[in-house]
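Observations on the model geometry
If you want the building blocks of each chain, they are given just below.
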Amino acid sequence: MDLSVVVPIYNEEENVALLYERVTAALAVTDLCYELILVDDGSSDRSYLLLKDIASQDQRVKVIRFRRNFGQTAAMAAGFDAASGRVVVPMDGDLQNDPTDIPRLLAKIDEGNDVVSGWRKDRQDTFINRKLPSMIANGLISRFTGVHLHDYGCTLKAYRKEVLEGINLYGEMHRFVPALASQVGAKVTEIPVKHHPRLYGTSKYGISRTVRVVLDLMTVKFLLQYSTKPIQLFGKWGVYTIFAGMMSGLATLYMKIFEHMSMNRNPLWILTVFLVFMGVQFIVLGLLGELNARTYYEAQGKPIYVVRERLNIEREAL
Ligand code: UDP
Ligand code: MG
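Residues numbered from 1 in each chain as written. Chains lettered and ligands numbered in written order. Predicted model: local features only at pLDDT ≥ 70, side-chain atom pairs only at ≥ 80, totals over all residues. Heavy atoms only, no water.

1. With respect to the sheet that holds strand 5 (residues 115-120)
- Pairing is mixed in the open sheet, where seven strands are placed in the order 3-2-1-4-6-5-7. Strand pairing shows two members of the sheet lacking a second neighbour, strand 3 (61-65) and strand 7 (188-193), which therefore form its edges. Each adjacent strand pair in this sheet contributes to an overall mean axis angle of 20 degrees, direction not counted.
- Here strand 2 (residues 34-40) runs beside strand 3; their pairing, made up of five bridges, is parallel. Considered in strand 3, the bridge of Ile37 is made with Lys62. (Pairing = 2+ DSSP bridges. Helix = DSSP H or I, 4+ residues; strand = E, 2+ residues; numbered from the N terminus. Axes fitted to C-alpha atoms, helices over the stretch in contact; angles between N-to-C directions.)

2. Let's talk about the site of ligand 1
- Residues in contact with ligand 1 amount to 18 residues; listed here are only the nearest, Asp41, Asp94, Arg130, Ser203 and Lys204.
- Contact distances for ligand 1 include 2.7 Å between an oxygen atom and a backbone N or O atom of Gly93.
- About the coverage of ligand 1: the protein hides 95% of its 530 Å² of free accessible area.
- Its atoms largely coinciding with the cavity grid, ligand 1 occupies the second largest pocket. (Near = heavy atom within 4 Å. Polar contact = N/O pair within 3.5 Å; in protein donor to acceptor, adjacent residues only side chain to side chain. Areas by Shrake-Rupley, 256 points an atom, 1.4 Å probe, with all protein chains shown as cover. 1 Å grid on protein atoms, 1.4 Å probe; cavity = no way out; pocket = protein on both sides within 12 Å on 5 of 7 lines; lining within 4 Å. Sits in = over half its atoms within 2 Å of the grid points.)

3. A closer look at unusual backbone geometry
- Within the chain, His260 stands out as a residue other than glycine whose phi angle is a positive 55 degrees.
- In this model, Asn312 sits at a positive phi of 55 degrees, which is unusual for a non-glycine residue.
- Mapped onto the elements of the fold, Asn312 is located in the segment after helix 10 (267-299).

4. Looking at the pairing of strand 4 (residues 87-90)
- Along strand 4, one buried face is formed by Val87 and Val89 and the opposite face, lined by Val88 and Pro90, is buried too.
- Pairing of strand 1 (residues 3-9) with strand 4 involves four bridges; the strand directions are parallel. Note that in strand 4 the partner of Leu3 across the bridge is Val87. (Buried < 20%, exposed > 50% of the residue type's maximum accessible area, 1.4 Å probe, protein only.)

5. Brief notes about the environment of Phe234
- When you line up the elements, Phe234 lands in helix 9 (residues 230-259).
- On the accessibility criterion, Phe234 (21% relative accessible area) is partly exposed.
- On a C-alpha basis, the gap between Phe234 and Phe144 in space is 18 Å, while along the polypeptide they are 90 residues apart.

6. A look at the environment of Leu217
- Inspection of the secondary structure assignment puts Leu217 in helix 8 (residues 209-226).
- Note on Leu217: relative accessible area 6%, which makes it buried.
- Put simply, Leu217 and Glu165 are 52 residues apart on the chain and 21 Å apart in space, counted from C-alpha to C-alpha.
- Those residues in contact with Leu217, other than ones at most four positions away along the chain, are Leu140, Ile141, Phe144, Thr145 and Phe176. (Contact = heavy atoms within 4.5 Å.)

7. Quick notes on the nonpolar core
- Judged by nonpolar contacts, the single largest core of 33 residues is most densely connected at Phe80, Ile167, Leu169, Phe176 and Leu180.
- Among the elements of the structure, strand 2, helix 3 (72-82), helix 5 (127-145), helix 6 (161-165), helix 7 (177-183) and helix 8 are those that each provide at least two residues to this core.
- Residue contributions to this core peak at five residues, all from helix 3.
- Formed by 29 residues, the second largest nonpolar core is a distinct cluster that contains Val23, Leu36, Leu156 and Ala158. (Core = buried A, V, L, I, M, F, W, Y, C linked by side-chain atoms within 4.5 Å.)

8. A few points about the layout of surface pockets
- For the largest pocket, the calculated volume is near 1200 Å³.
- Residue lining of the largest pocket: 30 residues in total, with Gly166, Leu180, Val184, Lys302 and Val306 positioned closest to the centre.
- Secondary structure elements with two or more residues in the lining of the largest pocket: helix 6, helix 7, helix 8 and helix 10.
- With three residues, the top contributor of residues to the lining of the largest pocket is helix 8.
- Of the residues that constitute the lining of the largest pocket, the class distribution is 16 nonpolar, eight polar and six charged.
- Approximately 800 Å³ is the volume found for the second largest pocket.
- Taken together, 48 residues line the second largest pocket, and the ones lying closest to its centre are Gln72, His174, Arg175, Tyr205 and Arg209. (Points joined across faces, edges and corners; volume = space filled by probe spheres on them. Nonpolar A, V, L, I, M, F, W, Y, C, P; charged D, E, K, R; others polar.)

Dropping the structure here:
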């Protein structure tokens, strides 16, 4: 199997038939052996019935139906888990992505990339509540993760299957896969892709998505940099705050001895107590984090490193 196309579907009854037609037409001109995995994320409209119909007519179409709405990330994760293609391409089910871009994404993978991200260069969405927040989010994500992409939010991307295997998705994290993949050594690139306005159905998101993305960015940044050494983050701030507390404590003493200022009337003394207390909290938090990191990695038998190749080492010896 060369290719698995994964599409999350949530209340897209007007779109599914057209989606199937367009994907089939776009891939018919290639000689790829592919599957189309449609994940119904608990739709309350006729989407599932239509999917069932399509699947009964075409063996290449596989359908997963969730019991309730679990969100786009979960739907995509379910599709990734079921995918057997060498390359996995997720795309939106609302016809905003164009399946005719898929061969170009694959060509980029064949050039030796592990992840090819679509970039909706000419994005057909409103400016204020879509494009502007997205520009800010992409800037932040690029800066914080060190993986510079113009369009993290574009669902249309291509991944080599192996890259997805080590990545578990939570929250709204499907958009961070390129950053997570690059952390395990994947080669990431991007190409411009087409984008169409949404003709049928409504968008499932509002402006509140921005907050969720920022929170997920914090999580990703923390996981990427400190998941194996939380004390290095919290402990550092703990040491800084305790040091600042000691400085303000010394200042209080200095004022007491040389300027005869009563300690219990000096606000710096309160600051001292506060900072030292905070510092101790930070360090204890870091230690708890270390304990959790050990549980996390050891309970799952997860190594803290990623190996590209092993030479002359037997599998059993590991
Ligand atoms: N989607 C989903 N579950 C959800 C929300 C959305 O599977 O809870 C799907 C939706 O059907 C569509 C894709 O995710 O195929 C992108 O959603 P949408 O077009 O609403 O997002 P936008 O393009 O507005 O960012
Ligand atoms: Mg859309």
